[in-house]
Amino acid sequence: MYLTNQIANYPQALERAQTIRLLVLDVDGVLTDGSLFISPDGFEHIKVFNSLDGHGIKLLIENGIQCAIISGRDSEMVKARASALGIEHVFLGVKDKLVVFESLRNTLDLTYSACAAMGDDWPDLSVLSRVGLPVAPAQAHYEVLKIARYVTSESGGNGAVREVCDLILKAQDKYDLLLKQAL
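Residues numbered from 1 in each chain as written. Predicted model: local features only at pLDDT ≥ 70, side-chain atom pairs only at ≥ 80, totals over all residues. Heavy atoms only, no water.

Draft legend 1. Representation of the overall build of the chain. Counting its secondary structure elements, the chain contains nine helices and eight strands. Expected size for 183 residues packed as a compact globule is a radius of gyration near 16 Å; at 15 Å, the chain falls within 12% of this value. Each principal axis of the C-alpha distribution contributes one length, and for the chain these read about 50 × 35 × 30 Å. The contacts in the chain between residues at least 6 apart in sequence include a share of 57% that link residues at least 24 apart. Carbon and sulfur atoms make up 52% of the accessible area of the chain, which totals about 8900 Å². Positive and negative side-chain charges in the chain, numbering 17 and 23 respectively, have mean positions lying 4 Å apart. (Helix = DSSP H or I, 4+ residues; strand = E, 2+ residues; numbered from the N terminus. Rg over C-alpha atoms; globule rule 2.2 N^0.38 Å. Contact = heavy atoms within 4.5 Å. Areas by Shrake-Rupley, 256 points an atom, 1.4 Å probe, with all protein chains shown as cover. Lys, Arg positive; Asp, Glu negative; His and termini not counted. Charge placed at Lys NZ, Arg CZ, Asp CG, Glu CD.)

Structure follows, in structure tokens:
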């Protein structure tokens, strides 16, 4: 992929990724490209997800790294996608992401340094500013890019989450074995 070149730009990311036990993801602008398709009835009927991201999430979960979704929007499509990927921790329609994150972190008994989060806009800043590995997709808002310890080469919905999954797997010495098994 493109991960090797990115690591040169963010050398501390590989070290921080070694201890990650939880990856928290936003949806719009992270798992999707951020586009909202609103029909005349005022409802969203379509969300487009990237299969590379999905496979990366599955690889993390299969290797003992928990994944969570915390989103300000409520969406049946996100619920269905999360279920298909095996994501157990799904919080939708959240007004204060930090409150939900802190509750999840305490429930899972994790330190901040054991948590990574990926977000693209202001509602994600409170969580991103506390985790051990704050990540932003390439197109994230400037304020998010400023605090990110890793910025993906791809934008949200285009494989950015897979980049982070690969980073974590490489940092924890699991990537090469998984790749070998796939061959």
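Draft legend 2. A nonpolar patch on the surface, seen in detail. Together, Phe37, Ile46 and Val48 make up a nonpolar patch on the protein surface, roughly 290 Å² of accessible area in all. Its location among the elements puts Ile46 in strand 3 (residues 44–46). Look at Ile46 and you get partly exposed, because its relative accessible area is 45%. (Patch = residues over 30% accessible without salt bridge, like charges linked within 9 Å, V, L, I, M, F, W, Y side chains within 5 Å. Salt bridge = Lys/Arg side-chain N within 4 Å of Asp/Glu carboxyl O. Buried < 20%, exposed > 50% of the residue type's maximum accessible area, 1.4 Å probe, protein only.)

Draft legend 3. Quick peek at the nonpolar core. Counting residues in each nonpolar core, the largest one holds 35 residues, and the members touching the most others are Ile57 and Leu133. When residues in this core are grouped by element, the largest group, eight residues, is from helix 8 (residues 160–171). Contact partners of Leu133, with chain neighbours within four places excluded, come to Ala13, Arg16, Ala17, Ile20, Cys115, Ala116, Ala117, Arg149, Tyr150 and Leu167. Core analysis: the second largest hydrophobic core is formed by 22 residues, Val94, Ala114, Ala117 and Ala148 among them. (Core = buried A, V, L, I, M, F, W, Y, C linked by side-chain atoms within 4.5 Å.)

Draft legend 4. A look at unusual backbone geometry. Phi angles above zero are rare outside glycine, and Asp109 is one such case at about 55°. Examined against the element boundaries, Asp109 turns out to sit in the loop between helix 5 (97–108) and strand 6 (115–118). Notably, Asp173 is not glycine yet its phi reads approximately 55°, a positive angle. Counting through the fold element by element, Asp173 comes out in the loop between helix 8 and helix 9 (175–182).

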